[in-house]
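So you can see what is in the structure, the chains are spelled out below.
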Amino acid sequence: MTPAQIETFFATLQAANPQPVTELEYTNVFELLAAVLLSAQATDVGVNKATRRLFPVANTPQKILALGLEGLESYIKTIGLYRSKARHLMETCRILVERHGGEVPRSREALEALPGVGRKTANVVLNVAFGQPTMAVDTHIFRVGNRTGLAPGKTPLVVEQALLRRVPARYLVDAHHWLILHGRYVCQARKPLCGQCAVSACCNFRQKTA
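Trainee: Please clarify how the overall build of the chain should be interpreted in this entry.
Mentor: Helix and strand content of the chain: ten helices and zero strands. In sequence order, the secondary structure elements of the chain are arranged as α-α-α-α-α-α-α-α-α-α. The globule rule puts the C-alpha radius of gyration for 210 residues at 17 Å, and the 18 Å found for the chain is close to it. Dimensions of the chain along its principal axes, counting C-alpha atoms only, are 55 × 30 × 30 Å. Counting every position in the chain, which comprises 210 residues, the buried fraction comes to 49%. Partitioning the contacts of the chain with sequence separation of at least 6, the portion at a separation of at least 24 is 59%. For the chain, the accessible surface area stands at approximately 10,500 Å², while carbon and sulfur atoms represent 54% of it.

Have a look at this one:
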């Protein structure tokens, strides 16, 4: 994808959705961190269903700790891998209380030191909560980056680095939202909806579907 095509690609996505947001539901930074941690190998819809019950009862590290492990599990048991996620979230809450005064840290190093928080989760928090121009490469962004020719790469990190180089600076803060939504609803894995795609003219995917 050429620089001109990349400009058109993001200008088109921006025009269609000027203020994209995550589909995870949250009201504070800790809720966002918890929701993203719980969303690994799960859908946003499924996570939201669980957190709608959890967050009104416990939406701070201190309140999660007060629930206890079994109490937390009872709220998130509809989410895949809920036992391990509950353990990670409990330990994360303990660290937040003991080392960060109950606040979510703003640095990548501190975020990635939390149990269950990898690079992708840290990128989401840094971007959504703190407005940093990071790129959280999930399966959707990885697919879109490779399929379109926007940022080809064999690993999520390579795709992330390519996107950070290639996406114009004015689009960077919102780019990962646009790419996730595009991959989730248009550039789908099994049958991309090329006939409904507003940016198909910019895309290098040869096997376009009707």
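That was the structure; now back to the text.
Trainee: Explanation requested: the environment of Ala 129 in the structure shown.
Mentor: Tracing the backbone shows Ala 129 in the loop between α7 (119-128) and α8 (139-148). Among the residues examined, Ala 129 registers a relative accessible area of 28% and is labelled partly exposed. The residues touching Ala 129, leaving out its near neighbours within four places in the chain, are Val 29, Leu 32 and Val 124.

Trainee: What am I meant to see in the layout of surface pockets here?
Mentor: Leftover empty space is mapped by rolling, across the atoms, a probe with the size of a water molecule. The space that makes up the largest pocket amounts to roughly 680 Å³. Lining the largest pocket are 33 residues, with Ser 39, Asp 44, Lys 120, Asp 138 and Arg 184 positioned closest to its centre. Looking at the lining of the largest pocket, the elements that each hand over two or more residues are α2 (29-38), α3 (44-54), α5 (82-100), α7, α8 and α10 (172-185). Top contributing element to the lining of the largest pocket by residue count: α10, with six residues. Class assignment for the residues of the lining of the largest pocket results in 13 nonpolar, 14 polar and six charged. Size it by volume and the second largest pocket reaches roughly 180 Å³. Around the second largest pocket, the lining residues are Thr 12, Leu 13, Ala 16, Asn 17, Trp 178, Leu 181, His 182, Val 186, Gln 196, Cys 197, Ala 198 and Val 199.

Trainee: Where do I start with the side chain of Lys 85 in this structure?
Mentor: Mapping Lys 85 onto the fold places it in helix α5. The buried charged residue Lys 85 lacks any salt bridge partner; its closest oppositely charged side chain belongs to Asp 44, at an N-O distance of 9.7 Å. For Lys 85, the residues in contact, after removing those within four places along its chain, are Leu 37, Leu 38, Ser 39, Ala 40, Ala 42, Ile 79 and Gly 80.

Trainee: I tried to follow empty space enclosed by the protein on my own but got confused; where do I start?
Mentor: Within the structure shown, the criterion is met by one cavity of 30 Å³ or more. Quantified by volume, the largest cavity comes out at close to 80 Å³. Around the largest cavity, the lining is made up of 14 residues, and of these His 182, Cys 187, Cys 194, Cys 197 and Cys 203 lie nearest the centre. Across the lining of the largest cavity, the residue classes tally to nine nonpolar, three polar and two charged.

Trainee: Would you take a moment to explain the packing of α8 against α10 for this structure?
Mentor: When two helices pack together, their arrangement is given by the angle between the helix axes and the distance between those axes. Following both chains from N to C, one finds α8 and α10 inclined at 85 degrees, their axes separated by 8 Å at the closest point. For the element pair α8 / α10, the angle class is roughly perpendicular. Where α8 abuts α10, its residues His 140, Ile 141, Arg 143 and Val 144 lie against His 176, Leu 179, Ile 180, His 182, Gly 183 and Arg 184. Among the residues making up the contact of α8 with α10, the classes are represented as four nonpolar, four polar and two charged.

Trainee: What is the right way to read helix α4 (residues 61-76) from this model?
Mentor: Taking 1.5 Å of rise per residue, 16 residues should cover 22 Å, yet α4 covers just 16 Å from first to last C-alpha, more than 12% shy of that figure. Every buried residue of α4 is accounted for by Pro 61, Ile 64, Gly 68, Gly 71, Leu 72, Glu 73, Tyr 75 and Ile 76. The secondary structure elements touched by the buried residues of α4 are α2, α3 and α5.

Calculation notes
Residues numbered from 1 in each chain as written. Predicted model: local features only at pLDDT ≥ 70, side-chain atom pairs only at ≥ 80, totals over all residues. Heavy atoms only, no water. Helix = DSSP H or I, 4+ residues; strand = E, 2+ residues; numbered from the N terminus. Rg over C-alpha atoms; globule rule 2.2 N^0.38 Å. Buried < 20%, exposed > 50% of the residue type's maximum accessible area, 1.4 Å probe, protein only. Contact = heavy atoms within 4.5 Å. Areas by Shrake-Rupley, 256 points an atom, 1.4 Å probe, with all protein chains shown as cover. 1 Å grid on protein atoms, 1.4 Å probe; cavity = no way out; pocket = protein on both sides within 12 Å on 5 of 7 lines; lining within 4 Å. Points joined across faces, edges and corners; volume = space filled by probe spheres on them. Nonpolar A, V, L, I, M, F, W, Y, C, P; charged D, E, K, R; others polar. Lys, Arg positive; Asp, Glu negative; His and termini not counted. Salt bridge = Lys/Arg side-chain N within 4 Å of Asp/Glu carboxyl O. Axes fitted to C-alpha atoms, helices over the stretch in contact; angles between N-to-C directions. Parallel < 35°, antiparallel > 145°, perpendicular 65-115°, else oblique. Expected span 1.5 Å × (residues − 1).

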